Structures are given as C-alpha cells and as structure tokens.
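Structural overview for review
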Amino acid sequence: MPNHQPNRTSRPSLLRIPLFRLLAINLAIGACAATLLVGGLLWLNPGHLRELIFADSSPGIALALLLASFLITFGSAAMGSAIMAQGRNEDGGKSGGHGSRLAMQEVAQRTRPK
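All of the points below concern the structure found in this document. The structure displayed is predicted, hence computed values, not measured ones.

**Regarding the overall build of the protein chain**
In terms of regular secondary structure, the protein chain is built from four helices and zero strands. The linear arrangement of helices and strands in the protein chain, starting from the amino end, is α-α-α-α. Within the protein chain, buried positions represent 15% of all 114 residues. A separation of at least 24 residues holds for 54% of the contacts in the protein chain among residues at least 6 apart in sequence. Accessible surface computed for the protein chain: about 9000 Å², of which carbon and sulfur atoms make up 65%.

Below you can see the structure in the form of structure tokens.
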C-alpha cells in the first residue's frame, strides 16, 4: 500500500518566500491599523456613527462592511508602501533602487536552474 503523504521538502512553504512573507506581514499591519481605526470610530462616536449603526436591524452587516472596506484600504496601502520601499538603499546613499536587489529578483535567482 503506497504512502500518499505529501513530500514537504520538495515544495517550500509560501511564507518562506521573501516576497510573500513581506506582503503577509504588511497585510497584518494594515489589518491591525484598520481594526484599531474602526474601534476608535465606534468608541469616539463621531456624528453619532455608533448609534446609527447599532440602531439598525442588522448592525453586524454594517460593521462587517465598514471593517472590510478599512481592511482593504489599509492592507493594500501597507503592502504597496512595503513594495515601493523595496528599492531603497539601506545606507541612505543614492535614492532609488540602484544597486539594491528586490525580493522578486532574489526569488528568481534562487529558482533558476544552474
């Protein structure tokens, strides 16, 4: 009877790829910022927003839509700023991506057959 367990050494985990790890970390940062902002909006109650949401017959849908829109906005902003910051030099020399390697270039170099 053959063993049908997947071989974990042949396929790397998605979080071991630097670009995906960078995006996942920054998505989590954006999600935390979005959650804190929605919580702050509900706590501060500007323009009676909290009262308006909870006076509805289904406040969960309104909260879910508000949180989802903030998650998309802040998550994509954090991921985009991380991608755009990839080309900066660490030593503060020249501006731009001259001489530094992007995470995608590192992945391409590792996966190229020798």
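**What about the nonpolar core?**
Ranked by size, the top nonpolar core spans six residues in total: Ala34, Val38, Leu42, Ile53, Leu66 and Phe70. The element that contributes the greatest number of residues to this core is helix α1 (residues 18-44), accounting for three residues. Once residues lying within four places of it in the same chain are set aside, the contact partners of Leu66 are Val38 and Ile53.

**A word on the packing of aromatic side chains**
For the structure shown, the criterion picks out one aromatic pair. Pairing Phe70 with Phe74 gives two aromatic rings, centres 5.9 Å apart and planes at 5 degrees, and the pair type is stacked. With Phe70 and Phe74 both in helix α3 (residues 59-84) and four residues apart, this pair spans about one turn of that helix. Assessed through its relative accessible area of 18%, Phe70 is described here as buried.

Conventions we followed
Residues numbered from 1 in each chain as written. Predicted model: local features only at pLDDT ≥ 70, side-chain atom pairs only at ≥ 80, totals over all residues. Heavy atoms only, no water. Helix = DSSP H or I, 4+ residues; strand = E, 2+ residues; numbered from the N terminus. Buried < 20%, exposed > 50% of the residue type's maximum accessible area, 1.4 Å probe, protein only. Contact = heavy atoms within 4.5 Å. Areas by Shrake-Rupley, 256 points an atom, 1.4 Å probe, with all protein chains shown as cover. Core = buried A, V, L, I, M, F, W, Y, C linked by side-chain atoms within 4.5 Å. Phe/Tyr/Trp six-rings, centres within 6.5 Å; stacked < 30°, edge-to-face > 60°.

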